[in-house]
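Architecture and fold: a report
Below, each chain spelled out in residue letters.
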Amino acid sequence: MHPASPADTSAPTIGFVSLGCPKALTDSELILTQLSAEGYRTSKTFDGADLVIVNTCGFIDDAVKESLDTIGEALAENGRVIVTGCLGAKQGADGGNLVASVHPKVLAVTGPHATQEVMDAVHRHVPKPHDPFVDLVPAAGIKLTPKHYAYLKISEGCNHRCSFCIIPSMRGDLVSRPVGDVLNEARALFESGVKELLVISQDTSAYGVDVQYRTGFWDGKPVKTRMADLCEALARLAEPHGAWVRLHYVYPYPHVDQILPLMADGRILPYLDVPFQHAHPDMLKRMKRPASGEKNLERLARWREACPQIVVRSTFIAGFPGETETEFETLLDFMREAQIDRAGCFAYSPVDGASANALPGQLPAELREARRAAFMAVAEAVSTAKLQQRLGATMQVLVDSAPALGRRGGVGRSYADAPEIDGTVRLLPPAKASRTLKVGDFVTARIVGAQGHDLVAEWG
Ligand code: SF4
């Protein structure tokens, strides 16, 4: 949670809770930045706040419950609550707004990506303080992630209609942000000290499709609204800061091949987060997945040929409706052959409002869970073998935590680890007592061990 804003102590205080995925986090950052710009103070507690905003997640049933419970707590402890985010866009069983029907006392409910509507609701209930503190807001806005890394959202919504997903119905079709705005935000982030930029969207490879890859302008020069052009410009921006650029949610389309040279040259991190979800072509069709006709094993082989150091992260679903034993075996074979470095797997779970709920052949919960466990056993064997190959290697590590100036060691990540979702590199106490570490430093470390998903390294 971000620290209280610099506004004076007589200014009204808005409590803020941010739940959900990195995309929801960027919505929270926009709202917090605006609150701060208008002179409101913000806090992470309900108590003593003039109003509470809860940014919710509505993706899976557990997240819905967590969001509804948090709203209930905020109402009990504070009483004045505004709800925003994905859950705010969801219908209840009666066709009305779900949040409003469960918690009729909330003051206002908006969907995701609604900074202005949230601000309008705040203004209605807690008038704007005088003397906005615009000058005190950092150019890059307020970030909920630690200062040394930040998420950069390049688009909203999605043109696909995967049968297990309700994001398009909540967030609408793809809307790409203008490339000039995205690059301005990236520059401000690097200038404010960000050392790792994580590019996110629902489908990063589709950037610009909605505007026919329109030519935008940045720094007086034309730049196309297209993933390859955006990556080239981000690499150029990151270089003088020695910063990393990491790509998330990329689908295996042929045009992704164009960014492999940037990765091979180390200008964009050689890391791709590709949500494959399954490997059997019939399953992918039933899931209505993008790029379902692609030959993914061949594509991965080409990527590895172009950039041998590339690390691929992916997520999968086991036990999707109608998944046969043979289809599941195909998924396990794919995992063994594709050698996905970092893989996560969910047992299929129905999401309220998703079209997959009506598919025939729903599998019992125990079978879905057993398949998830079988998949993870294969994935872990692949990951363990991959980590063992790193022993003795020298890697650049970005420091995430360094208590006591790192004299007792610290924790960081290499290019192979995205924050929150992958492993870490545990840094041992330095060989020379005079060496220190700070959060946001890059250190060169020698890998001396592997533990689970993590590595252990010497430095200094
Ligand atoms: S690509 Fe599929 S899973 Fe991803 S947001 Fe779009 S519809 Fe949902």
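Residues numbered from 1 in each chain as written. Predicted model: local features only at pLDDT ≥ 70, side-chain atom pairs only at ≥ 80, totals over all residues. Heavy atoms only, no water.

A separate point is the packing of helix α11 (residues 325–338) against helix α12 (residues 365–388). Between α11 and α12, whose axes approach to 9 Å, the crossing angle comes to 15 degrees. When the axis of α11 is compared with that of α12, the two are roughly parallel. As for the relative orientation of α11 and α12, their crossing is right-handed in sense. Contacts from Glu-325, Phe-328, Leu-331, Leu-332, Met-335 and Arg-336 in α11 reach Arg-371, Ala-374, Phe-375, Val-378, Ala-379 and Val-382 in α12. Taken together, the residues that form the contact of α11 with α12 break down as 9 nonpolar, no polar and 3 charged. (Axes fitted to C-alpha atoms, helices over the stretch in contact; angles between N-to-C directions. Helix = DSSP H or I, 4+ residues; strand = E, 2+ residues; numbered from the N terminus. Parallel < 35°, antiparallel > 145°, perpendicular 65-115°, else oblique. Left-handed = near helix turned anticlockwise from the far one by under 90°. Contact = heavy atoms within 4.5 Å. Nonpolar A, V, L, I, M, F, W, Y, C, P; charged D, E, K, R; others polar.)

Taken in spatial order, the 5 strands of this open sheet run β2-β1-β3-β4-β5, and their pairing is parallel. Each end of this open sheet is capped by a strand with a single partner; those strands are β2 (41–43) and β5 (108–109). Bridge analysis of strand β4 (residues 81–85) against β5 gives 2 bridges, and the strand direction is parallel. By the bridge assignment for β5, Ile-82 is matched with Ala-108. Here helix α2 (residues 61–77) sits on the sheet in contact with β1 (13–18), β3 (51–56) and β4, set at roughly 180 degrees to β3. (Pairing = 2+ DSSP bridges.)

The subject of this paragraph is the environment of Gly-392. Along the chain, Gly-392 falls in the loop between α12 and β16 (394–401). Separated by 35 residues in sequence, Gly-392 and Leu-427 have C-alpha atoms that sit 14 Å apart. If we skip the residues at most four places from it in the chain, Gly-392 touches Arg-446 and Ile-447.

Our next topic: the pairing of strand β19 (residues 442–451). Sheet topology places β16 next to β19; 5 bridges connect them, and they run antiparallel. By the bridge assignment for β19, Met-395 is matched with Ala-445. Inspection of the sheet shows β19 paired to strand β20 (residues 454–459) by 6 bridges, in the antiparallel sense. Counterpart to Arg-446 in the pairing with β20 is Glu-458. The turn linking β19 back onto β20 is made up of 2 residues, and Gly-452 within it adopts a positive phi angle of 60 degrees.

Taken in spatial order, the 5 strands close into a barrel running β16-β17-β18-β20-β19, and their pairing is mixed. Each neighbouring strand pair of the sheet contributes to a mean axis angle of 50 degrees, computed without reference to strand direction.

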